[in-house]
Amino acid sequence: MASIDISNVSKTYPGASAPSVSDINLSIRDGEFIVLVGPSGCGKSTLLRMVAGLEDITGGEVHIGDRLVNRVDPADRDIAMVFQNYALYPHMTVRENMAYGLKNRRTPATEIESRVAEAARMLELGPYLDRKPRALSGGQRQRVAMGRAVVRQPAAFLFDEPLSNLDAKLRVSMRGEIRRLQKRLGTTSLYVTHDQLEAMTLADRLVVLNAGRIEQVGAPLDIYHNPASTFVASFIGSPAMNLIDAEIRGSSLHIGATEVPLGSMQAAQGPVTAGIRAEDLQVTGHGLPFRVDFVEELGAQRLVHGHVEGQPLTLALTPDAALHDAFHLSIRPGALHLFDTRSGRRLPQPESGVFASRVLA
Amino acid sequence: MTDVTQPPGAAATLRRWWQRTSRPAEAAKRVQFDRPLLPWLFLMPQLAVIFVFFYWPSVQAITSSFYLEDPFGFGASFVGLDNYRDALGSAEYRRIAGFTALFTALVTALSLGLGLLFAVKADKVIRGRSTYRTALISVYAVAPPVAGLMGMMLFDQHIGPFVTLAAKFGWTMQVGINYWDTAFAMILVSVWKQVPYNFIFFLSGLQGIPASVREAAVIDCKNGFTRFRTAILPLLAPTAFFLLIINITYALFDTFAVIDVMVKDKPANNPITLVYKVYNDGFRGNDIGGSAAQSVILMVVVLVLTLVQFRWLERRVHYG
Ligand SMILES: Nc1ncnc2c1ncn2[C@@H]1O[C@H](COP(=O)(O)OP(=O)(O)OP(=O)(O)O)[C@@H](O)[C@H]1O
Ligand SMILES: [Mg+2]
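No experiment lies behind these values; they were computed from the predicted model shown.

About the thresholds
Residues numbered from 1 in each chain as written. Chains lettered and ligands numbered in written order. Predicted model: local features only at pLDDT ≥ 70, side-chain atom pairs only at ≥ 80, totals over all residues. Heavy atoms only, no water. UniProt positions renumbered as here; feature names shortened; annotations may be inferred. Helix = DSSP H or I, 4+ residues; strand = E, 2+ residues; numbered from the N terminus. Pairing = 2+ DSSP bridges. Axes fitted to C-alpha atoms, helices over the stretch in contact; angles between N-to-C directions. Contact = heavy atoms within 4.5 Å. Buried area = accessible area lost by both parts, 1.4 Å probe. Salt bridge = Lys/Arg side-chain N within 4 Å of Asp/Glu carboxyl O. Polar contact = N/O pair within 3.5 Å; in protein donor to acceptor, adjacent residues only side chain to side chain. Nonpolar A, V, L, I, M, F, W, Y, C, P; charged D, E, K, R; others polar.

Break down the UniProt feature "transmembrane region" (unreviewed entry) in chain B for me, with residues and values.
Here, UniProt's "transmembrane region" (unreviewed entry) annotation points to residues 37-56, 96-120, 132-155, 175-192, 232-253 and 292-313 of chain B. Taken end to end, residues 232-253 of chain B comprises 100% helix and 0% strand; its first and last C-alpha atoms sit 31 Å apart.

The structure is reproduced here in structure tokens:
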């Protein structure tokens, strides 16, 4: 078990004009579960693979524990990796798959046997130990891949989208299994996913990457409630946060012809991007005029897609709420996020208050 | 009366073996046709080709092998197993069979070994990859007689660069005159001709191994050679098994042109393989019956080799 320190790490693939990962700084505490999340191609895998030693580090340093590992062989980094497509050795049985890494490290046979037995028990792989991977289901294969990591008792687990090949139901249960296992073993983990639900539920701390840079680091709920930019706001949370062009004049927010009083004089003036989560909008008798386009029924809630002042907006309602062609909406107190229109960065937030709005004549 | 489902002796063993190996494939893909004749209709063209070019000549060869043909084509007389007895009884035949075994073993082992080596190296090359690959593969486009001729030139007594090179090490090479020098050249040219074929298959085999499996192995095993032996090579086994059969067949039969170019119109004490002897006896010596018997023997040998390989090796190398 160890901490991982990533300082000023960059990666430019040979022949590429721009870096795929640039200037990443991240300190992972011993035993922490860090999830790297971001859209496809943002450099998550690249960063993870640099920690694993599968890609050369172009610039910066990676420390595992207090050891600089930039030039250390992957086999000597004391990490174990779980791959998206399991990467099991097809010619070895489940038992041999798990024992392979230990055997090559000259672990005594009795020790290997007991570790494999322990991992098999933890992951409920006992009945399959003598099968080849081809005779296992996807979920079982992924458990073997986890077992292969667990028996090594490494300083850190590295996961690269381990659940992406599984169906939705299995993904949820495996997610729980991974979390349970990691809590129990207390092994530092770095986990890559582009599924924001997976990211939210697994992480101690979430790292949101965008185009090779860190956009925000923080506890999942922190990020959910205080997204540092429009990028994070639109990426974390489902449905995505509504982002609306607006303008601040004095102490109120103007969305088209609608004025939303903010209660006090605002530091930022002029055009802003207003962020409002679908569940933070309430139906009221007056306020933002909302025209319904279509409705998505999700069972537990109902997503109403429509327009406010010509800009798209999504609203989450309870399934028993009455549906009309048009609503008036107000924003829940304290739930308005303001972002700089040009940079997308978060602006000082308005004091909480009830933002009842009023239509200007 | 014997039970039809359990015929006695060798036939029963063969049939049981056949059932065992063919059953899973049968169950996996079975297409239902309404009319029983339709599938046969689809098979007709293929069957016709196989019949004309394989079964018919085979039957001809087997028939001829029991007859002594008049060299001038005036009829033939039935001699039973005499042709076989003559062939197997002759010291010359056994000597050539011995050389054929050695030749086949060496050509197969060296072609496979070198093909694998080049493939592993090519697989590691990232820059200039396609150039390297094309250079290796292009040899395969050379037709066997041309390859034999090129070999002859390389080993030519007067202008052959290989002979010059050997002379530098004090080896006076006399291809076409000295038995083992000829054998050496023959093996070298045959191997050279076959390496690209093996290279292509091994390379595509290597590239069929998922990158993540290799990476998992890199993390699990530090030593590159051990890693190759324990995690990569076993995954190439199906390819290697297929190539083994192909290479043995190649060494036994397809090296004919290379051998022909090397020993034709040369003194008699040159090494030849059984196939070449079949040709020599049949078309040069006009001993059709003896030649036919020899080719039947060769056919049986290949059949047995292939069956043995399928029986013993195939089940160990497929992982699916
Ligand atoms: N071997 C490579 N050579 C050149 N460029 C690469 C290589 N691997 C990745 N890249 C580039 O680096 C960037 C980051 O890729 P990376 O695989 O890290 O993305 P990712 O965040 O893991 O995406 P995904 O969610 O789709 O897996 C991409 O723009 C990609 O095109
Ligand atoms: Mg990736």
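Read on for the rest.
An account of the sheet that holds strand 15 (residues 281-284) of chain A is requested, with residue identities and associated values reported.
Residues and elements named next belong to chain A. Spatial strand order, 15-19-16-17-18: 5 strands in an open sheet with antiparallel pairing. The two strands at the open ends of the sheet, each matched to only one other strand, are strand 15 and strand 18 (311-317). With strand direction ignored, the average angle separating the axes of adjacent strands in the sheet is 50°. As paired strands, strand 16 (residues 288-297) and strand 19 (residues 326-331) are joined by 4 bridges and run antiparallel to one another. In the sheet register, L288 faces strand 19, and the bridge partner there is L329.

Lay out the sheet that holds strand 7 (residues 156-160) of chain A in plain terms, naming residues and giving numbers.
Residue and element names in this part refer to chain A. The 6 strands lie next to each other as 6-7-8-3-9-10, forming an open sheet whose pairing is mixed. Whereas interior strands pair on both sides, the edge strands pair on one side only; in this sheet they are strand 6 (79-82) and strand 10 (213-218). Ignoring strand direction, the axes of neighbouring strands in this sheet form an average angle of 20°. Across 4 bridges, strand 3 (residues 33-37) lies against strand 9 (residues 205-210) in parallel orientation. Directly across from V35, in strand 9, lies its bridge partner L206.

Hey, could you go over the interface of chain A and chain B for me, with residue numbers and the actual values?
Opposite the 23 residues of chain A that make contact, chain B presents 19 residues. When the two sides are added together, the surface that chain A and chain B hide from each other amounts to roughly 1,900 Å², 58% of it contributed by carbon and sulfur. Of all residues in chain A, the largest losses of buried area upon contact with chain B belong to Y89, H91 and Y100 of chain A, amounting jointly to 28% of the total for that side. Where chain A touches chain B, the interface holds 3 salt bridges. For D76 of chain A, the salt bridge is made with K222 of chain B, and the minimal N-O distance between the two is 2.5 Å. Between the two partners, chain A and chain B, sit 11 residue pairs in polar contact (both at pLDDT 80 or more). Residue assignment for the side of chain A that touches chain B shows that the elements contributing at least two residues are strand 6 and helix 2 (94-104) of chain A. When residues in the side of chain A that touches chain B are grouped by element, the largest group, 3 residues, is from helix 2 of chain A. A per-class count over the side of chain A that touches chain B returns 12 nonpolar, 4 polar and 7 charged.

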